[in-house]
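Coordinates in review
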Amino acid sequence: MIRDGRFKVMVRGLTLSQIREKLKKNYQREFRFRDGVFNVNLSTIRNITVQVFGEVNQTCSYTVSAVNSIMNLLGVAGSFTDLALVR
């Protein structure tokens, strides 16, 4: 949810471009924007804690940005052990 004193806009599950369009639509009720003037930037991304265990070289809990993929986490965990079955 984004609050700025005027609007409460639910943004959960939306992409940044969808959020941009939604906010622009809300703000156009009070302001006029020339093409290309309205923009939205993401300044904070939440962190999550993920436990990596099994046949990886470094099992542990990792706190990472929520935009990381499983491949990034496997890299942090030192990849698979020689005993891992990867299909």
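What comes next is a walk through the structure.

Calculation notes
- Residues numbered from 1 in each chain as written.
- Predicted model: local features only at pLDDT ≥ 70, side-chain atom pairs only at ≥ 80, totals over all residues.
- Heavy atoms only, no water.
- Phe/Tyr/Trp six-rings, centres within 6.5 Å; stacked < 30°, edge-to-face > 60°.
- Helix = DSSP H or I, 4+ residues; strand = E, 2+ residues; numbered from the N terminus.
- Buried < 20%, exposed > 50% of the residue type's maximum accessible area, 1.4 Å probe, protein only.
- Polar contact = N/O pair within 3.5 Å; in protein donor to acceptor, adjacent residues only side chain to side chain.
- Expected span 1.5 Å × (residues − 1).
- Arc of directions from axis to C-beta.

1. So, the packing of aromatic side chains
Pairs of aromatic rings are described using the distance from one ring centre to the other and the angle between the two planes. All chains considered together, the criterion is met by four aromatic pairs. Ring geometry for tyrosine 27 versus phenylalanine 38: centroids 6.2 Å apart, planes at 40°, classification tilted. With a gap of eleven residues between them, tyrosine 27 in helix 1 (residues 16–27) and phenylalanine 38 in the loop between helix 1 and strand 3 (47–52) connect regions that are remote in the sequence. Residue classification places tyrosine 27 among the buried positions, given a relative accessible area of 16%. Taking the centre distance of 6.4 Å and the plane angle of 45° together, the rings of phenylalanine 31 and phenylalanine 33 count as tilted. Accessibility expressed as a relative area gives 33% for phenylalanine 31, which makes it partly exposed.

2. Quick word on unusual backbone geometry
Although it is not a glycine, serine 79 adopts a positive phi angle of roughly 70°. Along the chain, serine 79 falls in the segment after helix 2 (70–76). Exposure remark for serine 79: the relative accessible area of 38% places this residue in the partly exposed category.

3. What to know about the side chain of asparagine 26
Its place among the elements puts asparagine 26 in helix 1. There is a polar contact of 3.0 Å between the side chain of asparagine 26 and the side chain of arginine 29.

4. Focus on helix 1
Between its terminal C-alpha atoms helix 1 stretches 16 Å, which fits the 16 Å expected from twelve residues at 1.5 Å a residue. Within helix 1, the full set of buried residues consists of Ile19, Leu23, Asn26 and Tyr27. Along the axis of helix 1, the buried positions cluster into a sector of 90°, meaning they face one direction only. Opposite the buried face of helix 1, at more than 90 degrees from it, the exposed residues are Glu21 and Lys25.

Worth remembering: the numbers are spatial, not functional.
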